[in-house]
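In case you want the letters, here they are:
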Amino acid sequence: MLFCVFTIQKLNAINTNDTSYVVTLLKQSSEFQRSNVDSCYKMAQDALLLSKQLNYPHGIAGAHNQLAAVMMIRGKEDSALYYCNQSLLVSVPNQYYKHTIYTHLLRSYIYQD
């Protein structure tokens, strides 16, 4: 838990006007995906909010994918599909192929059940 607090404090020290902060939030969110879903969700929400403020579509697509993964872990398939669709609305027109592929991978896991 101490590591989590230290990491969040370290993230808060980063300049929030920089898209690199969004990338860092998403990476940290991904690392907490299996161990601390609540922290993962909070970081993804923060990344989404900041991405929208910065008009950073790459971050928006990534945050939606991360939120979809969290919803899938929580068993909320409808919410997961919503976030997948939101990601595709950004990633497809901007040709963010990695986000698009990851979104379809998430959707395949959701429909697998």
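About the criteria used
Residues numbered from 1 in each chain as written. Predicted model: local features only at pLDDT ≥ 70, side-chain atom pairs only at ≥ 80, totals over all residues. Heavy atoms only, no water. 1 Å grid on protein atoms, 1.4 Å probe; cavity = no way out; pocket = protein on both sides within 12 Å on 5 of 7 lines; lining within 4 Å. Points joined across faces, edges and corners; volume = space filled by probe spheres on them. Helix = DSSP H or I, 4+ residues; strand = E, 2+ residues; numbered from the N terminus. Nonpolar A, V, L, I, M, F, W, Y, C, P; charged D, E, K, R; others polar. Core = buried A, V, L, I, M, F, W, Y, C linked by side-chain atoms within 4.5 Å. Buried < 20%, exposed > 50% of the residue type's maximum accessible area, 1.4 Å probe, protein only. Contact = heavy atoms within 4.5 Å. Expected span 1.5 Å × (residues − 1).

Concerning the layout of surface pockets
Then, in step 1: If you add up the space inside the largest pocket, you get close to 210 Å³.
Then, in step 2: For the lining of the largest pocket, the secondary-structure elements that each account for two or more residues are α2 (19–31), α4 (57–73) and α6 (97–112).
Then, in step 3: For the lining of the largest pocket, the per-class residue count stands at five nonpolar, seven polar and one charged.

Description of the nonpolar core
Then, in step 1: Membership of the largest hydrophobic core comes to 28 residues, with the highest contact counts inside it found for Val22 and Ala47.
Then, in step 2: Looking at this core element by element, the count peaks at eight residues for α4.
Then, in step 3: Setting aside its immediate chain neighbours within four residues, Ala47 contacts Val22, Leu25, Leu26 and Ala63.

Some remarks on helix α3 (residues 37–54)
Then, in step 1: The end-to-end C-alpha distance of α3 is 25 Å, a good match for the 26 Å that 18 residues give at a rise of 1.5 Å each.
Then, in step 2: Restricting attention to buried positions, one finds in α3 the residues Val37, Ser39, Cys40, Met43, Ala44, Ala47, Leu48, Leu50 and Ser51.
Then, in step 3: Following α3 by one or two positions, Asn55 has its phi on the positive side, about 55°.

Brief notes about the environment of Glu77
Then, in step 1: Checked against the element boundaries, Glu77 lands in helix α5 (residues 77–91).
Then, in step 2: Owing to a relative accessible area of 32%, Glu77 belongs among the partly exposed residues under this scheme.
Then, in step 3: In this structure the C-alpha to C-alpha distance between Glu77 and Tyr109, which are 32 residues apart in sequence, comes to 9.8 Å.

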